[in-house]
Amino acid sequence: MRSVLRHLRRGAVALAATTLLGTGVAAPAHAATLGRYNVSAVYDSGVSSGGFMADQLHVAYSGTIKGTGIFAGGPYHCAQGSLTTAELACMYNVQSRNLPSLEQTARTRSAQGTIDNVANLSGHRVYVFHGTADTTVTVGSSNDLVQFYRDFGANVTYDNTTPAAHSWVSPLGPNACGTSYTPYINNCGNDPERTMLTQLFGSVAAPAQSPSGSVVSFDQNAYAPGGSASAISMGATGYAYVPSTCAAGASCRLMVALHGCLQGAGSIGTTFVTKAHLNEYGDTNNMIVLYPQATANFGSNPQGCWDWWGYLNAGDYDTHGGAQIEAIMNMVHALGG
C-alpha cells in the first residue's frame, strides 16, 4: 500500500500536488438534485485522469455519448486494471500498450454487451490534445488514442503542436503554458475549447465575455450506485452550468467535463468549473456543462483521480456497471440526456 501511495503522490497518476485555491466567484446555487432539460445530444471531455475517463465513458456508452474531447489521455483500457501498467504503458512509454490487443478488447466487450456496440464510434467526432511539453502522459499514449478512434471509423482532430505542459489549456488559465502545477489550467495564448467544440459540433458561436447562466451545485450521493458518493471516491457535491436559454426550455447539448487529479473541488474549489472556458461557450451555443467531481480516497486514490486503472474494481471500471461510469450516466439521464 505504501508503494502505491508513493507512486501516486509523486505525480505518477496525474496532475501533481497541492493546495485549495479561492475562486473569487459567488458560491453556486445549491439544489438537492439536478433539473431536467431539453437535451438534444450528449458529449464528454476531460484532462489526464479525466481524459482517460472521458474515453472510457464514451466507448462504454457510445450509443448515448456522440463525441469526445480528450486532453492528455490514452486509448481505451490502456491501464488494463493495473496501476503499474497505467504508469509504465500509459504514462511513461516504458511498456508496450499493444494497441491491437486493446482494440480487440473493445470488440470482444461490444460483442458481449458489456459496452455499447463499437460500430457506434464510426463517424463520431473526436478531439485529442497533447502538449509538446507534457512529460506526464507520453505523446505515444495520445498517438495511440488517435489511432484507436480512427481504426473504429471516428472523425478525429489531433491538436499536438501547442508547447503546453500537462494541463487543461484555456484562455482563462492562470498558469504559464509550459508549467505544470496547481490548478493545472494553462494559458497558451490560444483557445483549444473553440477548436474542440468546432470539431464536435461542426461550428460554434463566439463565447460570451461573461457567462450569464447559473452554476448550480447538487448532491452526487443521489446518483452514486448504493447512494454513497464517498464509497466510490466521488465528492458529495457536483456542479453544472446551465445557460438561461436552456433553463427556459430551449433545445441544448450537454457536455460532461471531467477534471484531472488534484483538480476537483476538494483541491481547487470551483476553479476548474469557472476557468475551463466551457461556460462561456455554453451561453452562446445552448450547451449545459456537467462537472462531476472525484475526490481523494487515501486508501487507493489520494490525489482525487478518476478511476482509469481500476482502483475500485479492476474488472468493470471501464464498462457498463463501473461505479463511477454509472454515477455519471445517472447524472446525464437526470439532466435529460
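Refer to the structure above for everything that follows.
Rules of the game
- Residues numbered from 1 in each chain as written.
- Predicted model: local features only at pLDDT ≥ 70, side-chain atom pairs only at ≥ 80, totals over all residues.
- Heavy atoms only, no water.
- Buried < 20%, exposed > 50% of the residue type's maximum accessible area, 1.4 Å probe, protein only.
- Helix = DSSP H or I, 4+ residues; strand = E, 2+ residues; numbered from the N terminus.
- Pairing = 2+ DSSP bridges.
- Right-handed = clockwise from strand over helix to strand, strands pointing away.
- Phe/Tyr/Trp six-rings, centres within 6.5 Å; stacked < 30°, edge-to-face > 60°.
- Lys NZ or Arg CZ within 6 Å of the ring centre and 35° of its normal.
- Axes fitted to C-alpha atoms, helices over the stretch in contact; angles between N-to-C directions.
- Contact = heavy atoms within 4.5 Å.

S.K.: I'd like a description of the pairing of strand β2 (residues 39-47), backed by residues and values.
M.R.: Counting buried positions along β2 yields eight of nine residues, so the element is predominantly enclosed. Here β2 pairs with strand β11 (residues 252-258) via seven bridges, running parallel. From the neighbouring strand, V39 faces β11, where its bridge partner is C252. In terms of strand pairing, β2 meets strand β3 (residues 65-71) through five bridges, oriented parallel. By the bridge assignment for β3, V42 is matched with I65. Since β2 and β3 lie parallel, the crossover through helix α2 (residues 49-60) that links them has a hand, and here it is right-handed.

S.K.: Lay out the packing of aromatic side chains with the relevant residues and their values.
M.R.: Enumeration over the complete set of coordinates arrives at 13 aromatic pairs. Clustering of aromatic rings is evident, with ring pairs tying together F71, Y127, F129, W168, F272 and Y291. Taking the ring centre of F201 as reference, the NZ or CZ of R253 above it sits at 4.0 Å.

S.K.: Tell me what's going on with the sheet that holds β2, and back it up with residues and numbers.
M.R.: With mixed pairing, the nine strands of this open sheet are ordered in space as β1-β9-β10-β12-β11-β2-β3-β4-β5. Looking along the sheet, the strands with just one partner apiece sit at the ends: β1 (29-31) and β5 (155-159). Within this sheet the neighbouring strands show an average axis-to-axis angle of 20°, counted without direction. Alignment of strand β4 (residues 125-129) against β5, held across five bridges, turns out to be parallel. By the bridge assignment, F129 is partnered in β5 with D159. Lying over the sheet, α2 contacts β2, β3, β4 and β11, oriented at roughly 145° with respect to β2. Its contacts with the sheet put helix α6 (residues 192-201) on β2, β3, β4, β5, β11 and β12 (287-291), and the angle it makes with β4 is roughly 160°.

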